[in-house]
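# Summary of the model geometry
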Amino acid sequence: DFEKVHKIITDTNKLCAVFSGQWPHSSYCIPGGVTCDPTELEINQAKNILESIKQNIKESIGDFENIN
């Protein structure tokens, strides 16, 4: 489903932007972390976006945690 895949990609970009600024200017991201201290609001926002990504993946391809 194109719409769900597009939503996953968009949410992934939003997740990166929470910690690194606007996409594609992610100069604040470095291997191992970011150069700023994330606030509680940013951490909660990232968790919510991540849950949305996980839900859309599960709806698209199923529960990937139980694949053998």
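Residues numbered from 1 in each chain as written. Predicted model: local features only at pLDDT ≥ 70, side-chain atom pairs only at ≥ 80, totals over all residues. Heavy atoms only, no water.

## As for the overall build of the protein
Helices and strands together make up the secondary structure of the protein, namely two helices and two strands. Listed N to C, the secondary structure of the protein is α-β-β-α in terms of helices and strands. When burial is assessed residue by residue, the protein has 13% of its 68 residues classed as buried. Taking all contacts inside the protein whose residues are at least 6 apart in sequence as the whole, residues at least 24 apart take part in 62%. (Helix = DSSP H or I, 4+ residues; strand = E, 2+ residues; numbered from the N terminus. Buried < 20%, exposed > 50% of the residue type's maximum accessible area, 1.4 Å probe, protein only. Contact = heavy atoms within 4.5 Å.)

## What about the pattern of salt bridges?
Following the criterion strictly, the structure yields three salt bridges and no others. Note that Asp11 and Lys7 form a salt bridge whose closest N and O atoms lie 3.1 Å from each other. Taken together, the positions of Asp11 and Lys7, both in helix 1 (residues 2–20) and four residues apart, correspond to about one turn of that helix. (Salt bridge = Lys/Arg side-chain N within 4 Å of Asp/Glu carboxyl O.)

## Examining the nonpolar core
Of all hydrophobic cores here, the largest spans six residues; its members are Ile8, Leu15, Val18, Ala46, Ile49 and Ile53. Of all the secondary-structure elements, those providing two or more residues to this core are helix 1 and helix 2 (40–61). In contact with Val18, other than residues within four places in its own chain, are Glu42, Gln45, Ala46 and Ile49. (Core = buried A, V, L, I, M, F, W, Y, C linked by side-chain atoms within 4.5 Å.)

## A look at the side chain of Asp11
Judged by its relative accessible area of 3%, Asp11 falls in the buried class. Within polar-contact distance, the side chain of Asp11 engages the side chain of Ser52 at 2.8 Å. With sequence-adjacent residues up to four places away left out, Asp11 is seen in contact with Ile49, Ser52, Ile53 and Asn56. (Polar contact = N/O pair within 3.5 Å; in protein donor to acceptor, adjacent residues only side chain to side chain.)

## What to know about the confidence of the model for the protein
When pLDDT is averaged along the protein, the result is 78, and 68% of the positions lie at 70 or above. Across the protein, element-level confidence peaks in helix 2 with a mean pLDDT of 90 and bottoms out in strand 1 (residues 29–30) with 56. (pLDDT = per-residue confidence, 0-100.)

## Overview of helix 1
End to end, helix 1 covers 27 Å across 19 residues, agreeing with the expected 27 Å (1.5 Å per residue, within 8%). For helix 1, the complete set of buried residues consists of Ile8, Asp11, Leu15, Val18 and Ser20. (Expected span 1.5 Å × (residues − 1).)

## Topic: the environment of Leu41
In this fold, Leu41 is placed in helix 2. Through-space distance from the C-alpha of Leu41 to that of Val18 is 9.9 Å; in sequence the pair is 23 residues apart.

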